[in-house]
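Topology and contacts: notes
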Amino acid sequence: MKRIKILLVDDNVAILEQIRRTLEARYEIVAAVSDSAAAMEKLNLSPDVIVLDISMGQESGIELAKRVLNTDPLRRIVFLTVYADQDFVSAALNVGALGYVIKPRIASDLIPAIESAALGNIFISAPLTRPGR
Amino acid sequence: MLVIATITVLESFAFISLLYLFLRERRRSGSLSDRLKILRTKEETFAHLLAEAQTAQLELGSRMIRAQEEERARLARELHDDINQRLALLANGIERLEMETEQREEFQEQEQLRSLSRLTNEIVTDIQNLSHQLHPAKLRFLGLSAAVRALCNEFSRQHSDIKLEFSAIDIPTDLDEEISLNIFRTIQECLRNIAKHSHAHLVTVALNCNAAYLTVDVSDDGVGFDPVHSAGKGLGLTSIHERLHQIGGTVTISSAVGAPTHIHTGVPVRLKSKMPN
């Protein structure tokens, strides 16, 4: 069975390493990068799912997601962030992301979120509930 | 003959005296108008100096506010990008152990780890709130409109006796960060004053934007205040003026004791520079 290809984008190296360790046995990590320019470059590796932080250096993950989805609306994006806040969840879903995982729940929520996104379904970390769209 | 001569002398003396008095008065009035001119010049110089001093005071206040905001943003970044990310790693380690103990059916250990996980997540949330108070992340990532909406929602939660109506029309999500921050802080200050002093029942916060200009109107139906004599009395009006000066905007405060209050601000729009595609 074809392994799901993942692009990781987070400006925190320790978190990036933790995500890689959590996912690499199960998925193909095509690249792990720390900024939006590098992420745009790696899109040619055709990742199935992009795991993306919100708070990054110059450009936010939300802005980057907009650009990514402008170039290809079928890209699947899962946000991975510290912000446990409904307004952020709404903004993430409004730009077209399929997943919203909070960082303290990487171990339990990230894989289910990626699996859902790959199937085109939405996953949001507990205790955040899905807001009205 | 002597009498006539005496009269002539007296007349001459009187004439000379009058002439002297006339000339002296003329000289006096001449020097008076000169003095008036000097006074007017001095008055103009003082007015000019006063205006310059007021502008310098505004500049200084704006710079202090900018320095304070930069420091708050730095602390907020430190809390979010460093401490909270490391706590998230810690929470993950605990969560992984918790999952392992569940697989091994070590339920007592699992319960202990679960409470450690809860505690860590609470600390993450507290630090996130602290970071947000120092410098609102929503402003940066979601834009002015979403940040002010969240601020208004928070106000309504804390003051259920005051009805707050919020509206935002055509506010760009990519407004310049300095403009967004100072407008956000101005509204925050207005709402703080309303909560503390106004006894209002109804508050409206309206943001409007066209291509060139952003306006903000905050009104309340409270007890009002005297805007002229209230500056420097803890209402934050000075800092509102300084913030608006910093972003090239203006503020008009309409209120009176016993009357509703309306604060109108206008700012020329500036957008963030865009990342290349």
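Residues numbered from 1 in each chain as written. Chains lettered and ligands numbered in written order. Predicted model: local features only at pLDDT ≥ 70, side-chain atom pairs only at ≥ 80, totals over all residues. Heavy atoms only, no water.

Some details on the pattern of salt bridges
Scanning all chains against the criterion turns up 24 salt bridges over all chains. Among the ionic pairs, A:Glu59 bridges to A:Arg67, the shortest N-O distance being 2.9 Å. Side by side, A:Glu59 and A:Arg67 carry an identical accessibility label, which is buried. One salt bridge connects B:Lys138 with A:Asp87, and the closest N-O pair in it is separated by 2.8 Å. With B:Lys138 in helix 3 (residues 137-142) and A:Asp87 in helix 4 (residues 86-95), the pair connects residues from two separate chains. Overlapping salt bridges bring together B:Arg66, B:Asp176, B:Glu178 and B:Arg270 as one network. (Salt bridge = Lys/Arg side-chain N within 4 Å of Asp/Glu carboxyl O. Buried < 20%, exposed > 50% of the residue type's maximum accessible area, 1.4 Å probe, protein only. Helix = DSSP H or I, 4+ residues; strand = E, 2+ residues; numbered from the N terminus.)

Examining the interface of chain A and chain B
In this assembly, 29 residues from chain A lie in contact with 24 residues from chain B. Across the chain A/chain B interface, buried area totals approximately 2400 Å², and carbon plus sulfur atoms make up 54% of it. For the chain A face of the interface with chain B, the top three residues by lost area are A:Val82, A:Tyr83 and A:Pro104, together amounting to 24%. Remark: the boundary between chain A and chain B carries 2 salt bridges. In this structure, the salt-bridge partner of B:Lys138 is A:Asp85, at a minimum N-O distance of 3.0 Å. Where the side of chain A that touches chain B is concerned, the elements lending two or more residues are helix 1 (13-23), helix 3 (61-71), helix 4 and helix 5 (106-118) of chain A. Split by residue class, the side of chain A that touches chain B holds 13 nonpolar, 9 polar and 7 charged. (Contact = heavy atoms within 4.5 Å. Buried area = accessible area lost by both parts, 1.4 Å probe. Nonpolar A, V, L, I, M, F, W, Y, C, P; charged D, E, K, R; others polar.)

Notes on the environment of B:Ile247
All names here are of chain B. Of note, Ile247 is situated in the loop between helix 6 (237-246) and strand 4 (250-254). When its relative accessible area of 3% is taken as the criterion, Ile247 is described as buried. Counting along the chain gives 23 residues from Ile247 to Arg270, while the straight-line C-alpha distance between them is 9.4 Å. Ignoring sequence-local partners within four residues, the contact set of Ile247 consists of Glu178, Ile179, Asn182, Ile183, Val267 and Pro268.

Concerning the packing of helix 4 (residues 144-158) of chain B against helix 5 (residues 177-198) of chain B
All names here are of chain B. Across the interface, helix 4 lies against helix 5 with an axial gap of 10 Å and an inter-helix angle of 15°. Here helix 4 lies roughly parallel to helix 5, going by the angle between them. Along this stretch, helix 4 crosses helix 5, giving a crossing that reads as right-handed. Residue-level inspection shows Leu144, Ala147, Val148, Leu151, Cys152 and Phe155 of helix 4 in contact with helix 5, the latter providing Ser180, Ile183, Phe184, Ile187, Gln188, Leu191, Ile194 and Ala195. In terms of residue class, the contact of helix 4 with helix 5 is made up of 12 nonpolar, 2 polar and no charged. (Axes fitted to C-alpha atoms, helices over the stretch in contact; angles between N-to-C directions. Parallel < 35°, antiparallel > 145°, perpendicular 65-115°, else oblique. Left-handed = near helix turned anticlockwise from the far one by under 90°.)

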